[in-house]
Amino acid sequence: MHRHKDLSRASLPDSYGSGYRNARILAICQGLFTCAISIDLTLTALTGYQLAPDKSLATLPFALITVAGAVVTWFAAFLIQRLGRRLSFALGALAGAIGGAISVWSVFHGHFWSFCIGTAGVGVFQAFAQYYRLAAADAVSAEFKSRAISTVLTGGVIAAVLGPALASWSKDWIPTALFAGAYLVVAAMGLLSVLALLLFYRDQPVAAVRTESDGAPARALGQIVRTPVFLASVANNVAGSMVMMFIMTAAPLAAVACHHGIDDGAAIIQWHLVGMYAPSFFAGALIKRCGLGPVVLAGVALNLACALIAMASTSLPAFYVALLCLGVGWNFMFVGGTTLLAQSYRPSERARAQGLSEFLRYAATALATLAAGPLLEHYGWSALNLAILPLLLICALVSVWWMLANAAAARNAAANTATAN
């Protein structure tokens, strides 16, 4: 048995073996980040409501996590290229630790606007952490990209359970300042990430990635953007994240408005996060078995199921099932979309293509999180879920277009090979 396992491991290409260790380190960092961000996802809307001078601003601190991420993500791609992933990721994690500390101070002093600065620091952390999966994908050959991406995302599974539980447990640590203890945990997760990255992660040279287009000149950004594979990647990453954050931002507030408790809101987010990360154990294998197209379309269908369930009932079980479907749907769209993105550029185009894709995703998600609070306040939970349906339709259409274009390209390649022979 041991001999067989060793031979199987040895049979993997060097590109996968050399990148696997870093993927596991990044999985740990992904877990620490997910633990930190899940606390913010669970409590920030409620903390914002507690501190806001105008209750319509309650979701602003939460939205600033995404807004800060959108502003920073484009620059992060080029900083990573200049300083290397290890140092850049550590700087991002340090920003998250500082943001958590500022949030603690703000809750102690009841200061809404400094709390917004603290959550923005967590947004900077998020901007850099979103490159973990791409760092893993870039270090392996094409056939192992979805597996490397899934490996990194599995780090969020335990944190998805632990994070909301920590939020619920630590929010009362300091009796005179509700929620301050939870943000202290956010700061600690950021510091642990810094240590893990500096002590264990190692930058890999770009030469470790071998593709057929190595040495080819970089295309203009507009040329990359017009390719079906890039557009399909953006459609799934942007629509999946936008829909997920739009619904998730409002879900704890909607649950409380529907006469469920604060702890119920935390538990709903907990199961949603399990849905987001647990499929990572098998998403890569599922993509290899069924193909990218069917998996991303299944993700769209699960998001549709979330909306229909949420519109049908506001009972506590309906919240659980809807948010679980939302999480699994996001995972399929995100892993699939990231795999498509990693296949859409040449090594010389990496920073621009990744930076644009992540910027578009964050900008769209920021708009969704900013709109979630006011729309929930004025139109209600059902209207919020109805609003995501056009996005899902657009994503499905773009994905089908890419599938048809990919099939046509495969047929042409086969015909050319047959002609040459």
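What counts and how
Residues numbered from 1 in each chain as written. Predicted model: local features only at pLDDT ≥ 70, side-chain atom pairs only at ≥ 80, totals over all residues. Heavy atoms only, no water. Helix = DSSP H or I, 4+ residues; strand = E, 2+ residues; numbered from the N terminus. Rg over C-alpha atoms; globule rule 2.2 N^0.38 Å. Buried < 20%, exposed > 50% of the residue type's maximum accessible area, 1.4 Å probe, protein only. Contact = heavy atoms within 4.5 Å. Areas by Shrake-Rupley, 256 points an atom, 1.4 Å probe, with all protein chains shown as cover. Lys, Arg positive; Asp, Glu negative; His and termini not counted. Charge placed at Lys NZ, Arg CZ, Asp CG, Glu CD. Core = buried A, V, L, I, M, F, W, Y, C linked by side-chain atoms within 4.5 Å. Polar contact = N/O pair within 3.5 Å; in protein donor to acceptor, adjacent residues only side chain to side chain. 1 Å grid on protein atoms, 1.4 Å probe; cavity = no way out; pocket = protein on both sides within 12 Å on 5 of 7 lines; lining within 4 Å. Points joined across faces, edges and corners; volume = space filled by probe spheres on them. Nonpolar A, V, L, I, M, F, W, Y, C, P; charged D, E, K, R; others polar. Disulfide = S-S within 2.5 Å. Phe/Tyr/Trp six-rings, centres within 6.5 Å; stacked < 30°, edge-to-face > 60°. Expected span 1.5 Å × (residues − 1). Axes fitted to C-alpha atoms, helices over the stretch in contact; angles between N-to-C directions. Parallel < 35°, antiparallel > 145°, perpendicular 65-115°, else oblique. Left-handed = near helix turned anticlockwise from the far one by under 90°.

*Asks:* Even after reading the chapter, I still don't get the overall build of the protein, so can you show me in this structure?
*Replies:* Helix and strand counts for the protein stand at 17 helices and zero strands. Taking 22 Å as the expected radius of gyration for a compact globule of 421 residues, we find that the protein reaches 21 Å, a close match to that expectation. Expressed along its principal axes, the backbone C-alpha trace of the protein runs to roughly 75 × 50 × 45 Å. Each of the 421 residues in the protein was classed as buried or not, and the buried ones make up 57%. Of the contacts formed within the protein by residues at least 6 apart in sequence, a portion of 86% connects residues at least 24 apart. When the accessible surface of the protein is totalled, it reaches about 17200 Å², and 68% of it is carbon and sulfur. In the protein, 24 side chains carry a positive charge and 15 a negative one; their mean positions are 10 Å apart.

*Asks:* Looking at this structure, how should I read the nonpolar core?
*Replies:* Counting residues in hydrophobic clusters, the biggest one holds 129 residues, and the most contacted among them are L26, F89, Y132 and W381. The leading source of residues in this core is helix 10 (residues 228-257), at 19 residues.

*Asks:* Would you take a moment to explain the side chain of R219 for this structure?
*Replies:* Looking at where R219 falls in the secondary structure, it is placed in the loop between helix 8 (180-200) and helix 9 (221-225). Separated by 3.0 Å, the side chain of R219 and the backbone oxygen of S344 make a polar contact. Every residue in contact with R219, bar those within four places of it in the chain, is listed here: I224, T227, S344, Y345, R346, E349 and R352.

*Asks:* How should I be thinking about unusual backbone geometry in this particular structure?
*Replies:* Working note: non-glycine residues mostly have negative phi, and peptide bonds are mostly trans. Of note in this structure, F179 is not a glycine but carries a positive phi near 85°. Taking relative accessible area as the criterion, F179 reaches 3% and is therefore assigned buried. A positive phi angle, close to 70°, is found at H259, a residue other than glycine. Mapped onto the secondary structure, H259 falls in the loop between helix 10 and helix 11 (262-277). Taking the relative accessible area as the measure of exposure, H259 reaches 76% and is therefore exposed.

*Asks:* How do you make sense of the layout of surface pockets when you look at a structure like this?
*Replies:* Taking a probe equal in size to a water molecule and rolling it over the atoms shows the remaining empty space. Reported here for the second largest pocket is a volume of approximately 340 Å³. If you trace the second largest pocket, you find 18 residues lining it, with Y49, L253, A257, L376 and E377 closest to the centre. Elements supplying a minimum of two residues to the lining of the second largest pocket: helix 2 (14-51), helix 10 and helix 15 (350-379). Residues of the lining of the second largest pocket, tallied by class, amount to 12 nonpolar, four polar and two charged.

*Asks:* Would you mind showing me how to read the state of the cysteines here?
*Replies:* A covalent bond between the sulfur atoms of two cysteines is what we call a disulfide. Within the structure shown, the criterion is met by zero disulfides. Free cysteine C290: the closest other cysteine sulfur is in C395, separated by 18 Å. With a relative accessible area of 40%, C290 lands in the partly exposed category.

*Asks:* What am I meant to see in the packing of aromatic side chains here?
*Replies:* One pass over the full model with this rule turns up 11 aromatic pairs. Between F89 and Y201, the ring centres sit 6.2 Å apart and the planes meet at 55°, which makes this aromatic pair tilted. Here F89 is found in helix 4 (residues 85-109), whereas its partner Y201 is found in the loop between helix 8 and helix 9, with 112 residues between them in sequence. Accessibility expressed as a relative area gives 1% for F89, which makes it buried.

*Asks:* For this particular structure, what's the right way to read helix 11?
*Replies:* Since one α-helical turn is 3.6 residues long, residues separated by three or four positions face the same way. Between its terminal C-alpha atoms helix 11 stretches 23 Å, which fits the 22 Å expected from 16 residues at 1.5 Å a residue. With respect to burial, helix 11 is a largely interior element, 12 of its 16 residues being buried. Residues of helix 11 that are buried include every one of G265, A266, A267, I268, I269, Q270, H272, L273, V274, G275, M276 and Y277, and no others.

*Asks:* What should I look at first to understand the environment of A135 in this one?
*Replies:* Within the secondary structure layout, A135 lies in helix 6 (residues 132-138). Separated by 207 residues in sequence, A135 and A342 have C-alpha atoms that sit 9.8 Å apart. Setting aside its immediate chain neighbours within four residues, A135 contacts L26, R85, F89 and Y201.

*Asks:* I would appreciate a short explanation of the packing of helix 12 (residues 280-290) against helix 14 (residues 316-342) in the present structure.
*Replies:* Angle between the axes and distance between the axes are the two parameters that describe a pair of packed helices. Running from N to C, helix 12 and helix 14 point in directions that differ by 55°, and their axes come no closer than 10 Å. The angle between the axes of helix 12 and helix 14 places the two elements in the oblique class. Every pair of crossing elements has a handedness; the one defined by helix 12 and helix 14 is right-handed. Each of S280, F282, A283, L286 and I287 in helix 12 lies in contact with helix 14, whose residues at this interface are N331, F332, V335, G336 and T339. Here the contact of helix 12 with helix 14 is composed, by residue class, of six nonpolar, four polar and no charged.

It is worth stressing that arrangement in space is one thing and function is another; only the former is reported here.
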